[in-house]
Amino acid sequence: MTRLLLTSHKTPLFQPFRSVWQNKIKVNVYPSLRERLEELDQTRDDPGLYAPVNIGFTRPKPSRREQLHTRLQHRKSLKENESLQQRSRRGDQFLCLTLAEHYGIFRDLYGSAYFVPYVALGITYDLDDHTVSPVHRGNTIKPGEAAREPSVQFRSEPGDLWTLILSNPDGNLLDNEAECLHWFIGNIQGNDLTSGDVVCNYLQPFPPRGTGYHRLVFVLYKQERHIDYSRYTREQPCVSLKDRSFSTSTFYREQQDHLTPAGLSWYQTDWDSSLTHFFHHTLRLNPLEPEPPVVPFPAAQPIHRDLSSWERRDLKRQRLGVGKY
Amino acid sequence: MSIVRPLLPVLARSLGSCSGLPLARNAHNRTCDENDSVNPNFVNRNPRNMEMLRLARKPQGWHLEASTPKYWYKLVLEQSQRHITGQVVHYTGTTVVSASTREWAIKQQLYSTTDVIAIENIGRILAQRCLESGITEVYTDLEKSKESSEKVRLFLSALTVGGICPKEASVISERDVHRTTWSHPALPWHVTEDEVLKEDQMKNAQ
């Protein structure tokens, strides 16, 4: 697990070189790029404090020798058969881990912690009877497609308890360091979502126009026992941005004795024309005037040729802002 | 982390305005509700946002080098004596998506891990994994070996059929933004996906 680089948000004062006294002579030391990048790394002074912590499950490793032996037998039989089978649908947990780091999921949700998602989450947004939009590891889904609750499937024992949280680390319009909570269901029995307590009802993603692509992250936690989520429960339906402000790291610190993250899935959204109606009617934001069109060089706009010469001269002067003389 | 300019046209007009006074430039002159006050400096922390908006710079390399590949994601194909590996590598060096005949899940279904069937399947699997991971365009320098090698040709065609474009979009430069004469809006944030889909539908209907 490569250490997540914690860079400071403020750019430090740039010093091209340091001066060092060597044998009574002042010598300039020019640090290399690698050394400069290391200086920016906040975790260098106390690596023990910032060391990434695995908060997920660990699985006992099977004996590699036995595994190789059985696999070799299988391959030998395959060589004799010369037949091709259907492609298997086993999920790859470690592919997910590299991608989660690439998308900064763990950094923005937990900080220094990470987990290996051993439970495969099968989340799909049903558009109509024939089409679904699946959620994998960062694919793009428009907000119009994600208007309703998705169907969530995962393998579970009937007696297990789970918590599912959907949050947007880029979508909190009030606080840059917190997330926006879109869905929170606790105490799910087995894999039946209807049996869980809805702590926060589902709200579709709403990335404002111009802000680019937001990540929406599904995290599935395994519970040790029944948890009382009444202090997190928001009154439903919740459309207040302030109430939906959520911090996964704070929440996890409070509940870490009873919860362990087990499943991870995320997608990206950006603005859609259906969001205008959503902002005005669901979130009750005041509608704004339409933007005036931006003209890059107003003085260079064409002048109508039917204008007389003095009218044209006056118009040019007006545009350039020429003074009295 | 991309620090996007403050949301001036969309939301900054309603900044800190929840003092009870109606906004002067409001279209409907409604009193502001609690959702109207937003942070004037919004930061989108998604590290892939700038690349997806085509605003992130691609590494330029050194300008005296013969050729400097400029890319965000690069396609790498490794054909060893016993295995075939396809990888999509980010310019920072991270291997983001990979598919290899070394994986048991793939190996157990192949008769040979080095023939054309294997490489085609690796292409299909890599394409599927890339789409699931939000990567749709990659830079590749395999085009020149397409004519000479059947395997490379099959690999690239499997990727293209799978939905990955072998050519990355160019970075939007300031020159493109400040054009004096625009015949039609060309920048991604001016052209919405709905309009493009409608145009495509009309073209298909004709």
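Calculation rules
Residues numbered from 1 in each chain as written. Chains lettered and ligands numbered in written order. Predicted model: local features only at pLDDT ≥ 70, side-chain atom pairs only at ≥ 80, totals over all residues. Heavy atoms only, no water. UniProt positions renumbered as here; feature names shortened; annotations may be inferred. Helix = DSSP H or I, 4+ residues; strand = E, 2+ residues; numbered from the N terminus. Rg over C-alpha atoms; globule rule 2.2 N^0.38 Å. Buried < 20%, exposed > 50% of the residue type's maximum accessible area, 1.4 Å probe, protein only. Contact = heavy atoms within 4.5 Å. Areas by Shrake-Rupley, 256 points an atom, 1.4 Å probe, with all protein chains shown as cover. Lys, Arg positive; Asp, Glu negative; His and termini not counted. Charge placed at Lys NZ, Arg CZ, Asp CG, Glu CD. Core = buried A, V, L, I, M, F, W, Y, C linked by side-chain atoms within 4.5 Å. Salt bridge = Lys/Arg side-chain N within 4 Å of Asp/Glu carboxyl O. pLDDT = per-residue confidence, 0-100. Patch = residues over 30% accessible without salt bridge, like charges linked within 9 Å, V, L, I, M, F, W, Y side chains within 5 Å. Pairing = 2+ DSSP bridges. Axes fitted to C-alpha atoms, helices over the stretch in contact; angles between N-to-C directions.

- Labelled according to an unreviewed UniProt entry, chain A appears under the name Large ribosomal subunit protein mL38, originating from Homarus americanus.
- Word for word, the UniProt comment on chain A under Sequence similarities (unreviewed entry) is "Belongs to the phosphatidylethanolamine-binding protein family. Mitochondrion-specific ribosomal protein mL38 subfamily."
- Under the UniProt heading Subcellular location (unreviewed entry), the entry covering chain A gives this text: "Mitochondrion".

### Overview of the overall build of chain A
Working step 1: The helix and strand tally for chain A stands at eight helices and 14 strands.
Working step 2: In terms of overall size, chain A is more extended than a compact globule, its C-alpha atoms giving a radius of gyration of 28 Å where 325 residues would be expected to give roughly 20 Å.
Working step 3: Overall, the C-alpha framework of chain A stretches about 95 × 75 × 55 Å when taken along its three principal axes.
Working step 4: Burial analysis of chain A (325 residues in total) assigns 39% to the buried set.
Working step 5: In chain A, once contacts between residues fewer than 6 apart in sequence are set aside, the share between residues at least 24 apart is 71%.
Working step 6: Of the accessible surface of chain A, which amounts to about 19,800 Å², a share of 50% is contributed by carbon and sulfur atoms.
Working step 7: Counting 41 positive and 38 negative side-chain charges, chain A places the averaged centre of each group 9 Å from the other.

### Quick word on the nonpolar core
Working step 1: Ranked by internal contacts, the top residues of the largest apolar core, which has 59 residues, are A:Tyr110 and A:Phe184.
Working step 2: If one sorts the elements of this core by residue count, helix H3 (residues 116–132) of chain B sits on top with seven residues.
Working step 3: Core analysis: the next-biggest nonpolar cluster, separate from the first, contains 22 residues, A:Ile123, A:Leu164, A:Trp183 and A:Leu216 among them.

### Comments concerning the pattern of salt bridges
Working step 1: Counted by the stated rule, this structure contains 15 salt bridges over all chains.
Working step 2: Linking B:Glu193 and A:Lys142 is a salt bridge whose minimum nitrogen-to-oxygen distance equals 3.6 Å. One end of the pair, B:Glu193, is in helix H6 (residues 193–205); the other, A:Lys142, is in the loop between strand S7 (137–140) and strand S8 (151–153), on a second chain.
Working step 3: In this structure, the salt-bridge partner of B:Glu143 is B:Lys146, at a minimum N-O distance of 3.5 Å.
Working step 4: Taken together, the shared-partner salt bridges connect A:Arg107, A:Asp108, A:Asp170, A:Arg215 and B:Arg45 into one network.

### Considering the confidence of the model for chain B
Working step 1: Looking at chain B, pLDDT values average 82 and 79% of them are 70 or higher.
Working step 2: On the interface metric, ipTM, the complex scores 0.80, and its pTM is 0.75.

### Thoughts on a nonpolar patch on the surface
Working step 1: Residues A:Leu33, A:Leu37 and A:Leu40 make up a contiguous nonpolar surface patch of about 270 Å² in total accessible area.
Working step 2: Following the sequence through the fold, A:Leu33 ends up in helix H1 (residues 33–40).

### Thoughts on the sheet that holds S8(A)
One key point about sheets: their strands pair by backbone hydrogen bonds, in either a parallel or an antiparallel sense.
Residue and element names in this part refer to chain A.
Working step 1: Judged by pairing direction, the sheet is antiparallel, and its three strands sit side by side in the order S6-S5-S8 without closing on themselves. Each edge of the open sheet carries a strand with a single partner, namely strand S6 (132–135) and S8. Neighbour to neighbour, the strand axes of the sheet diverge by 25 degrees on average, direction disregarded.
Working step 2: Bridge analysis of strand S5 (residues 122–126) against S8 gives three bridges, and the strand direction is antiparallel. Looking at the pairing, isoleucine 123 lines up with valine 152 of S8.

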